Amino acid sequence: MYEAVHAHPDGDSTVARQALTAADYGFDGVVVRNHGDEPADYDAEAVAEAYGIDVVEGVEVRADTPSQASGLVGNHRSKHTVVVVHGGDRAINRFAVENPAVDVLAHPMRGDGDFNHVLANAAADNGVRVEFSLRQVLGDSGGSRVRALGDLRKLRELVADADAPYVVSADPRSHLELRAPRELVALGEAIGFTGDQMREGLEAWSRLAERNRRVTDDSFVEPGVRLDEDDG
Amino acid sequence: MKHLPKHLQPRWRYLAVELETWPDADVDRRAFQREVWYATQNLLGDTGSADVDATVLRFEHDDGTGHAIVRVRRNHTDAARAALACIDAVDGAPVGLRVTGTSGTVRACEEKYIRGPAEPFGQRHVVFENAERSALARQKRVDVRTDHSFVGATDLDFR
């Protein structure tokens, strides 16, 4: 299972500290999803080797308008393994689910963002994963948490109905905000998800990273065709 | 009051919880117990929190790390785990925590899942983002003191 984290300067802990803590907590990997305007300076391979955990280079694209987002996704697509779009705005949500180059639409319900069956179907058609963000459930209390829970419920029902792909993340900004997989699964069960949904959502990050690494590999020609070194 | 017969006594499970904070945080048992009550009640409601009946039995915290043993009713450990995950700060100090194991007795819990006292911090001077900073280091973990707060790093960041 993987977790997607924000690292310094987009959070309070470096990639290495997030990875070390995540490895302690039993994660198999971390996806670094720093916002595009606050990139982290790190050596993914060195961290992965030192702490025995996969480190995936990702980015969370934050834009005000769909056209700006489109440009940024195009820029980052070739440089990062995982491209996430910072959701929470209706126009941006729609842009993300209609664009197959986007891997994940993050927290679509945050702020004044909303989601509906049309977007859910578009996400399913284009293979854009919708994120269930547990950040507000873990960190907020009172009215804002009640709203976050209501939003998650709505999103869950839409995603399940459209059979759209999804990911789960606690979206931690420091190593102190990380929570272990078993805790996240237990929390998901307490708020209406099934344990399998939570595990699937945490696993989905690793499959996504693996697929994207495969298709950007030099030996990849097109779907179903790749160069095999053993063939003389 | 008279002891309950054995088959009517509540069955407990003991959760070993490992805590981490920034080095300057000061957290005590009472504050942690209060957060446990708030967290269970906020997440599970009055009925759920009465079912879980979480009580902090042991608590140690020193030098940015600590552990606790939380007693909960058997069959409600998952709900307790979920509620504990929602504790993001104690007395305003951010905490990271995780359940390292569950046992049927306090003693087994201590022996299997609680580590001895952490070694104290060492003072270090590091260059972080082109500025000389003081830092507190313990094994691989290095907490760098910046202008207003700390940044969590490891020894890999200073090679």
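As shown above, the structure is provided for reference.
What counts and how
Residues numbered from 1 in each chain as written. Chains lettered and ligands numbered in written order. Predicted model: local features only at pLDDT ≥ 70, side-chain atom pairs only at ≥ 80, totals over all residues. Heavy atoms only, no water. Contact = heavy atoms within 4.5 Å. Buried area = accessible area lost by both parts, 1.4 Å probe. Salt bridge = Lys/Arg side-chain N within 4 Å of Asp/Glu carboxyl O. Polar contact = N/O pair within 3.5 Å; in protein donor to acceptor, adjacent residues only side chain to side chain. Helix = DSSP H or I, 4+ residues; strand = E, 2+ residues; numbered from the N terminus. Buried < 20%, exposed > 50% of the residue type's maximum accessible area, 1.4 Å probe, protein only. Core = buried A, V, L, I, M, F, W, Y, C linked by side-chain atoms within 4.5 Å.

**Observations concerning the interface of chain B and chain A**
In many analyses, interface size is given as the accessible surface area lost on bringing the parts together.
Okay, step 1: Counting residues at the interface gives 32 residues for chain B, matched by 30 residues for chain A.
Okay, step 2: Carbon and sulfur atoms supply 55% of the area that chain B and chain A bury against each other, a total of about 2,700 Å² over both sides.
Okay, step 3: Here chain B and chain A share 4 salt bridges between them.
Okay, step 4: The residue B:R141 makes a salt bridge to A:D24 at a minimum N-O spacing of 2.6 Å.
Okay, step 5: Summed over the shared surface of chain B and chain A, the result is 18 residue pairs in polar contact (both at pLDDT 80 or more).
Okay, step 6: Here the element with the most residues in the side of chain B that touches chain A is strand 5 (residues 93–103) of chain B; it accounts for 6 residues.

**Brief notes about the pattern of salt bridges**
Okay, step 1: Taken as a whole and judged by the stated rule, the model has 26 salt bridges over all chains.
Okay, step 2: The salt bridge partner of B:E20 is A:R17, with a shortest N-O separation of 2.9 Å. Pair noted here: B:E20 is in strand 1 (residues 12–21) and A:R17 is in helix 1 (residues 15–25), and the two residues belong to different chains.
Okay, step 3: On the basis of relative accessibility, which here comes to 15%, the residue B:E20 falls in the buried class.
Okay, step 4: Note that A:D171 and A:R33 form a salt bridge whose closest N and O atoms lie 3.8 Å from each other.

**Side note on the nonpolar core**
Okay, step 1: Counting 68 residues, the largest nonpolar core has A:F115, A:L134 and A:L187 as the members making the most contacts within it.
Okay, step 2: Considering each element in turn, this core owes the most residues, 6 residues, to helix 1 of chain A.
Okay, step 3: Residues contacting A:L187, with those up to four places away along its chain left out, are A:L134, A:V137, A:L138, B:L43, B:A82 and B:C86.
Okay, step 4: Counting residues in each nonpolar core, the second largest holds 22 residues, with B:L19, B:V27, B:A31 and B:V52 among its members.

**Quick word on unusual backbone geometry**
Okay, step 1: That bond from A:H8 to A:P9 is cis: its omega, 10°, falls within 30 degrees of zero.
Okay, step 2: Following the sequence through the fold, A:P9 ends up in the loop between strand 1 (2–5) and helix 1.
Okay, step 3: Look at B:D53: it is not a glycine, yet its phi comes out positive at around 50°.
Okay, step 4: Structurally, B:D53 can be placed in the loop between helix 1 (29–52) and strand 2 (55–62).
Okay, step 5: For B:D53, a relative accessible area of 28% gives the class partly exposed.

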